[in-house]
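Examining the three-dimensional arrangement
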Amino acid sequence: MIVETVGALAIGLGVAWLALRRLPHRLPDPRLVGPTGAAGGLLGAFVTHTALGGAQPLAVLGGALVLAATLLSLLVRPAGRRPAARPA
């Protein structure tokens, strides 16, 4: 269980780091991206571990990867669009 937790945390942070390296102009502040990836990894591991009973550690880490990537994809802004100016 501890190995799955540390692995899921590492996967979430790794996905966040990769997203920041590949799409820095389309993501918000890195102080938001890192914790989102870590939380996604931990939550994905928890959900997968609960659903499968914890007998398959590779599947649990796969679930961590999927949910971390999914949560980070929600932070990506469209390319080429600037935020609309708000009237004062």
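Starting from 1, residues in each chain are numbered consecutively following that chain's sequence as written. Predicted model: local features are reported for residues with pLDDT of at least 70 only, side-chain atom pairs are reported and counted for 80 or more only, and whole-chain, interface and lining totals are derived from all residues. As a rule here, side-chain values come from all non-hydrogen atoms in the structure, and water together with hydrogens is ignored.

Quick word on the overall build of the protein chain
- Helix and strand assignments follow DSSP, with helices taken as H or I runs no shorter than four residues and strands as E runs no shorter than two, numbered in order from the N terminus. Along the protein chain, the regular secondary structure elements total three helices and zero strands.
- From first element to last, N terminus to C terminus, the protein chain shows the α and β order α-α-α.
- Taking 88 residues into account, the globule formula puts the C-alpha radius of gyration at 12 Å, and the protein chain, at 15 Å, lies well above it.
- The C-alpha extent of the protein chain, read off along each of the three principal axes, is 55 × 20 × 20 Å.
- For the protein chain, the computed accessible surface area is about 6,100 Å², with 69% contributed by carbon and sulfur atoms. In this treatment the radius of gyration is a C-alpha quantity, and the globule benchmark scales as 2.2 Å times the residue count to the 0.38 power. Per-residue and other accessible areas were derived by the Shrake-Rupley procedure at a 1.4 Å probe size, with only the shown protein chains allowed to occlude residues.

Quick notes on helix 1 (residues 2-22)
- Here the expected span of a helix is defined as 1.5 Å times the quantity of residues minus one. For helix 1, built from 21 residues, the straight-helix expectation of 30 Å at 1.5 Å per residue is met to within 8% by its first-to-last C-alpha distance of 30 Å.
- Should any heavy atoms of two residues lie within 4.5 Å, those residues are considered in contact. Among the structural elements, helix 2 (30-52) and helix 3 (57-73) are those in contact with the buried residues of helix 1.

Regarding helix 3
- The end-to-end C-alpha distance of helix 3, which contains 17 residues, comes to 24 Å, matching closely the 24 Å that a straight helix rising 1.5 Å per residue would cover.
- Buried means the residue's accessible area, taken with a 1.4 Å probe over protein chains only, is under 20% of the maximum for its type, while exposed means over 50%, and partly exposed covers the values in between. Val60, Gly63, Ala64, Ala68 and Leu72 are the residues of helix 3 that are buried. Mapping the buried residues of helix 3 onto a view down its axis gives an arc of 155 degrees, with all of them on the same face. Opposite its buried face, helix 3 presents the exposed residues Leu58 and Val66, each directed more than 90 degrees away.
- Where helix 3 is buried, its residues touch helix 1 and helix 2. This arc is taken over the directions from the axis of the helix to the C-beta atoms.

Describing the side chain of glutamate 4
- With respect to the element layout, glutamate 4 can be found in helix 1.
- For the buried glutamate 4, which has no salt bridge, the nearest side chain bearing the opposite charge is arginine 22, at an N-O separation of 28 Å.
- Setting aside residues no more than four positions away along its own chain, glutamate 4 makes contact with His49, Gly54, Pro57, Val60 and Leu61. Charge assignment: positive for Lys and Arg, negative for Asp and Glu; neither His nor the chain ends contribute. What makes a salt bridge here is a side-chain nitrogen of Lys or Arg within 4 Å of a carboxyl oxygen of Asp or Glu, nothing more.

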